[in-house]
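If you want the building blocks of each chain, they are given just below.
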Protein chains: 2
Amino acid sequence: MIVEAAATLFSTRGYASASLNDIVAGTGMTKGAVYWHFPSKEEIALEIVRQMYASWPPLLGSVMAVHANALDALVACTYKAAEQFSSDLTTQAGKRLLAELPADALAKLPQPYVGWQGALCSLITDGQRRGEINDAVEPEGTAQAVVASFFGMQQVSWELTGRRDLVGRLDNFWKLVLPQLRPAAGGAAAADTSGEAG
Amino acid sequence: MIVEAAATLFSTRGYASASLNDIVAGTGMTKGAVYWHFPSKEEIALEIVRQMYASWPPLLGSVMAVHANALDALVACTYKAAEQFSSDLTTQAGKRLLAELPADALAKLPQPYVGWQGALCSLITDGQRRGEINDAVEPEGTAQAVVASFFGMQQVSWELTGRRDLVGRLDNFWKLVLPQLRPAAGGAAAADTSGEAG
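Remember, it's a predicted structure, so these values are computed and weren't measured experimentally.

**Looking at the overall build of chain A**
Then, in step 1: Each helix and strand counted, chain A has 10 helices and zero strands in total.
Then, in step 2: Each helix (α) and strand (β) of chain A, taken in turn from the N terminus, gives the series α-α-α-α-α-α-α-α-α-α.
Then, in step 3: The principal-axis extents of the C-alpha atoms in chain A amount to approximately 65 × 30 × 30 Å.
Then, in step 4: Expressed as a percentage of the 198 residues in chain A, the buried residues total 54%.
Then, in step 5: Within chain A, counting contacts between residues at least 6 apart in sequence, those at least 24 apart form 67% of the total.
Then, in step 6: Total accessible area on chain A stands at roughly 8,300 Å², and carbon and sulfur atoms take up 56% of it.

**Considering the packing of helix α1 (residues 2-13) of chain A against helix α4 (residues 41-66) of chain A**
Residue and element names in this part refer to chain A.
Then, in step 1: Remark: α1 packs on α4, axes separated minimally by 10 Å, with the N-to-C direction vectors making an angle of 90°. Compared by their axis directions, α1 and α4 come out roughly perpendicular. Packed against α1, whose contacting residues are I2, V3, A6, A7 and F10, the element α4 presents K41, I44, A45, E47, I48 and Q51 at the interface.
Then, in step 2: In terms of residue class, the contact of α1 with α4 is made up of eight nonpolar, one polar and two charged.

**Observations regarding the environment of D165 of chain B**
Residues and elements named next belong to chain B.
Then, in step 1: Looking at the secondary structure, you find D165 in the loop between α9 (139-161) and α10 (166-181).
Then, in step 2: A residue is classified by how much of its surface remains accessible, and D165, at 22% relative accessible area, is partly exposed.
Then, in step 3: Considered as a pair, D165 and A65 are 100 residues apart in the sequence and their alpha carbons are 27 Å apart.

**Examining the environment of A184 of chain B**
Then, in step 1: If you trace the backbone, A184 of chain B turns up in the segment after α10.
Then, in step 2: For A184 of chain B, a relative accessible area of 52% corresponds to the exposed category.

**Comments concerning the side chain of Q144 of chain B**
Then, in step 1: Inspection of the secondary structure puts Q144 of chain B in helix α9.
Then, in step 2: Given a relative accessible area of 15%, Q144 of chain B falls into the buried group.
Then, in step 3: When near neighbours in sequence (up to four residues on either side) are disregarded, Q144 of chain B contacts R169 and N172 of chain A together with Q117 of chain B.

**A few points about the interface of chain B and chain A**
Then, in step 1: In this assembly, 34 residues from chain B lie in contact with 34 residues from chain A.
Then, in step 2: Around 2,800 Å² of area is buried between chain B and chain A when both sides are counted, 61% of it from carbon and sulfur atoms.
Then, in step 3: For chain B, the biggest contributors to the area lost against chain A are E159, L160 and L176 of chain B; these three give 22% of the whole.
Then, in step 4: In this assembly, chain B and chain A are joined by one salt bridge.
Then, in step 5: A salt bridge links K95 of chain A to E159 of chain B; the shortest N-O distance between them is 4.0 Å.
Then, in step 6: The interface formed by chain B and chain A contains five residue pairs in polar contact (both at pLDDT 80 or more).
Then, in step 7: Of all the elements in the fold, those that place two or more residues in the side of chain B that touches chain A are α6 (89-100), α8 (114-129), α9 and α10 of chain B.
Then, in step 8: When the residues that make up the side of chain B that touches chain A are grouped by side-chain class, the tally is 17 nonpolar, 10 polar and seven charged.

**What to know about the side chain of Q84 of chain A**
Then, in step 1: Along the chain, Q84 of chain A falls in helix α5 (residues 70-87).
Then, in step 2: When its relative accessible area of 15% is taken as the criterion, Q84 of chain A is described as buried.

Rules used in this analysis
Residues numbered from 1 in each chain as written. Chains lettered and ligands numbered in written order. Predicted model: local features only at pLDDT ≥ 70, side-chain atom pairs only at ≥ 80, totals over all residues. Heavy atoms only, no water. Helix = DSSP H or I, 4+ residues; strand = E, 2+ residues; numbered from the N terminus. Buried < 20%, exposed > 50% of the residue type's maximum accessible area, 1.4 Å probe, protein only. Contact = heavy atoms within 4.5 Å. Areas by Shrake-Rupley, 256 points an atom, 1.4 Å probe, with all protein chains shown as cover. Axes fitted to C-alpha atoms, helices over the stretch in contact; angles between N-to-C directions. Parallel < 35°, antiparallel > 145°, perpendicular 65-115°, else oblique. Nonpolar A, V, L, I, M, F, W, Y, C, P; charged D, E, K, R; others polar. Buried area = accessible area lost by both parts, 1.4 Å probe. Salt bridge = Lys/Arg side-chain N within 4 Å of Asp/Glu carboxyl O. Polar contact = N/O pair within 3.5 Å; in protein donor to acceptor, adjacent residues only side chain to side chain.

Here it is in structure tokens:
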């Protein structure tokens, strides 16, 4: 309840412009009750970012459960994350808070992006071992490029269209990058992005 | 003087946390003198973003003057922009302001990214016409992907390393994307990223 109310405010107005009083007003609770759970606005913001981080491993797990092929899974992760950025307030607020929280608050959180970079790097390495991803690409640099490009696309798409063109942007990105990742002729079946775009 | 002092504050503390008084203190001018130039904090912020936008066409021009080959120019643009993001306070502040200014202030500015998207789309189209970029890629989608990926890399690099790994991230991105853009065998000479990375 408190987290939802705060996420709504942080995602639309940003951290500095949303006061604890605004958040309290959004909850329908008394100020005392809100304070009992969270002693400060910063504590609520940290909880939102932690919930966003906690949502990624299940997201990755759900993608892996559906896609046995590592290259399919890699591509599907980005569409699934795009869906979450487009529909989930906690994620929208969490991403914005990471850019706006003061440095001493950020220091209480794990580093952003590195969890994703590590997960995608493992996925690429596993895929290469199984002949599903081209051996020639460097797993860590590729994972870093995919993660940063994803976050760039979601940010640009947010600023220009409220994330309405995010799926189209992912389609364009994968058209450009996927051929490099496909196993050389004779490897496992090539991945297909078209099923992810819906 | 005012713009420089404000850019320093906005780039490190963000828009909401930097007051007009803080900015005045940074200029060594009287409050009245600052107000004479800029009636509000928002006006200073808008000027910073406008100066950032105004810096892109000369940047693009300087790259085109050195690189006759369109694919070389496309790659070089991203390294040159990375250099500017790493060293120029107005650019650092401008980018942050675009994410933090209230909507009514943003409405007074041109849309972000679209200038870059248009410029790179023209560059790709020209390159295709001259056989320097592969005909098979779609110019607009490719330009959008490069622009969003660039801004993602600069943002992730800023948050994780204060932009120290930005050039390395660009190297990884181009390793992944460049093969798709190279003209099919028989086209013009292939681009080389190594000269841009220094």
